[in-house]
Amino acid sequence: MNTGLKITAFAAAVAATFGTAYGVGTGIDPVTDREKTPTARHGEHDDQQQKKKAGGQEQPPGGLQISDGGYTLKLADARIEADKKQQLRFTVVEDATGRNVTAYAREHDKELHLIVASRDLTTYRHLHPTRAADGTWSTPVRLPEAGGYRVFADFRPASAKEGLTLGADLGVAGAYEPRELPAHSTTTKVDGYDVTLKGELKTGAGGDLTLSVAKNGRPVTDLQPYLGAYGHLVALRSGDLAYLHVHPNGTPGDGRTKAGPGVSFGTAAPSKGAYRLFLDFKHEGKVRTAAFTVHAGGAAEQGGGHEAPKEDEGGGHQH
């Protein structure tokens, strides 16, 4: 490898480790004090109407903070190597006691959902790590490209009333090549499936998005339940990677929700801007991920279909 490329990649990894988006927009540093949360330097991201209130203070979307609600996400290693299968280990620490959390409420069939996404939103992983008795979580992961990544832990401690999404930066060392955000599109292809997006991602009161799945030109009407639903949707805001875990409308077996081809979600974006949507769906025993780039609060040029995000063999899921 060219020495210059190695140095550039290492710089990207170090930058990501310390909370800076490298090569893609501007990032948000990890923060531990809600009052010191910086505003995303992203044209419309300071839309005051869309921010939640917590204790009289404005609360940003999930994933922008490494600490929140009395809990902190700690990665055992904030830097790994590109295109190499490694163990990703982390803990969730209760700030008041300094102890690892060892009791969690199960939500969507899991105690904790782990999302890993590259800063340019072209690589995405939805992982389900295992927890040791001491509260240490671990999962194997292989990330194909060097650069800055964000790790999101979506969970609810057993003693907490509400769930949390904490985020931490992960640097991936190797030959680094920044990529642009994929173009806006309402269709995508993944592993022989065509997935179509209907509806608009809106701010304010929001609305519904419906993602329809077809194979070989025929609607898929026998989707299989995955994490308690026929689809699982995560939205990440371009630039700061604000995290939105979107809940489906209806559940399998409720007498109303059909097993495809459409999966409906109620959504509301916290601000105007570009977002990357990742839909996980299960069919014929395998989970696949379809990805879209959409714009909330404003029209964008319609692009043609594009391929799914980079995945390891077997899709963007490693369990």
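For the structure, see preceding data.
The shown structure was predicted, so the numbers you read here are calculated from the model rather than taken from an experiment.

A.B. asks: Would you mind going over the pattern of salt bridges with me for this structure?
C.D. replies: Under the defined criterion, the tally for this structure stands at twelve salt bridges. Glu111 is paired through a salt bridge with Arg131; the nearest N and O atoms lie 3.0 Å apart. Remark: Arg131 occurs in strand 10 (residues 130-131) and Glu111 occurs in the loop between strand 7 (99-100) and strand 8 (112-118); sequence separation between them is 20 residues. Under the relative-accessibility criterion, Arg131 is labelled partly exposed at 29%. Overlapping salt bridges bring together Arg119, Arg150 and Asp169 as one network.

A.B. asks: Just checking my understanding: could you explain the sheet that holds strand 18 (residues 232-237) for this structure?
C.D. replies: Either a parallel or an antiparallel arrangement is found when strands of a sheet pair, and the pairing is made through backbone hydrogen bonds. The sheet built from four strands is open, its strands ordered 19-18-21-22 with antiparallel pairing. Looking at which strands have only one partner, the edges of the open sheet turn out to be strand 19 (243-246) and strand 22 (286-296). Neighbour-to-neighbour, the strand axes of the sheet open up by a mean angle of 20°, direction not taken into account. One ladder, built from six bridges, connects strand 18 with strand 21 (residues 273-283); its direction is antiparallel. Residue His232 lies in a different strand from strand 21, and its bridge partner there is Asp280.

A.B. asks: I keep staring at unusual backbone geometry and nothing clicks. Help me out?
C.D. replies: Working note: non-glycine residues mostly have negative phi, and peptide bonds are mostly trans. Here Gly260 and Pro261 are connected by a cis peptide whose omega angle stands at 5°. If you check the backbone angles, Leu121 has positive phi at about 65° while not being a glycine. Along the chain, the position of Leu121 falls in the loop between strand 8 and strand 9 (124-127). At Leu227, a position not held by glycine, the phi torsion is positive, near 55°. With respect to the helices, strands and loops of the structure, Leu227 is situated in the loop between strand 17 (218-219) and strand 18. The class of Leu227 is buried, set by a relative accessible area of 7%.

A.B. asks: Is there a simple way to think about the pairing of strand 4 (residues 71-75) in this case?
C.D. replies: Along any regular strand the residues' side chains alternate between the sheet's two faces. With four of five residues buried, strand 4 is to be regarded as a mostly interior element. Bridge count between strand 3 (residues 67-68) and strand 4: two bridges; the pairing is antiparallel. Its bridge partner lying in strand 4, Ser67 is registered against Thr72. Counted along the chain from strand 3 to the antiparallel partner strand 4, the turn is two residues long, and its residue Gly69 has a positive phi close to 60°.

A.B. asks: Even after reading the chapter, I still don't get the packing of aromatic side chains, so can you show me in this structure?
C.D. replies: Think of a pair of aromatic rings as described by two things: how far the centres are apart, and how the planes are tilted against each other in angle. Across all of its chains, the model carries six aromatic pairs by this definition. Ring geometry for Phe90 against Trp137: centres 6.3 Å apart, planes inclined by 10°, an arrangement best described as stacked. You can see Phe90 sitting in strand 6 (residues 86-94) and its partner Trp137 sitting in strand 11 (residues 137-141), a full 47 residues away along the chain. By relative accessible area, Trp137 is classed as buried at 3%. Arranged with centres 5.3 Å apart and planes meeting at 80°, the rings of Tyr104 and Trp137 form a pair that is edge-to-face. A residue pair is termed long-range when its members are at least 10 positions apart, and Tyr104 in the loop between strand 7 and strand 8 and Trp137 in strand 11 qualify at 33 residues. Each member of the pair, Tyr104 as well as Trp137, carries the same accessibility label: buried. Within the aromatic cluster, the residues linked to one another by ring pairs are Phe90, Tyr104, Trp137 and Phe155.

A.B. asks: Quick question: what am I supposed to make of the environment of Tyr71 here?
C.D. replies: With respect to the helices and strands, the residue Tyr71 is situated in strand 4. For Tyr71, a relative accessible area of 7% corresponds to the buried category. Sequence separation of Tyr71 and Glu94 is 23 residues, and the distance between their C-alpha atoms is 4.7 Å. If we skip the residues at most four places from it in the chain, Tyr71 touches Ile66, Val92, Val93, Glu94, Asp95, Val101, Pro157, Ser159, Ala160, Leu164 and Leu166. Engagement of the side chain of Tyr71 in a polar contact is seen with the side chain of Ser159, the distance being 3.5 Å.

A.B. asks: What should I look at first to understand the side chain of Arg237 in this one?
C.D. replies: Examined against the element boundaries, Arg237 turns out to sit in strand 18. Look at Arg237 and you get buried, because its relative accessible area is 3%.

A.B. asks: So what exactly am I meant to see when it comes to the pairing of strand 14 (residues 187-190) here?
C.D. replies: Here strand 14 shows a clear split, with Thr188 and Val190 buried on one side and none of Thr187 and Lys189 buried on the other. Note that strand 14 and strand 15 (residues 193-198) share four bridges and pair antiparallel. Counterpart to Thr187 in the pairing with strand 15 is Thr196.

About the cut-offs
Residues numbered from 1 in each chain as written. Predicted model: local features only at pLDDT ≥ 70, side-chain atom pairs only at ≥ 80, totals over all residues. Heavy atoms only, no water. Salt bridge = Lys/Arg side-chain N within 4 Å of Asp/Glu carboxyl O. Helix = DSSP H or I, 4+ residues; strand = E, 2+ residues; numbered from the N terminus. Buried < 20%, exposed > 50% of the residue type's maximum accessible area, 1.4 Å probe, protein only. Pairing = 2+ DSSP bridges. Axes fitted to C-alpha atoms, helices over the stretch in contact; angles between N-to-C directions. Phe/Tyr/Trp six-rings, centres within 6.5 Å; stacked < 30°, edge-to-face > 60°. Contact = heavy atoms within 4.5 Å. Polar contact = N/O pair within 3.5 Å; in protein donor to acceptor, adjacent residues only side chain to side chain.

Purely geometric numbers; function is a separate question.
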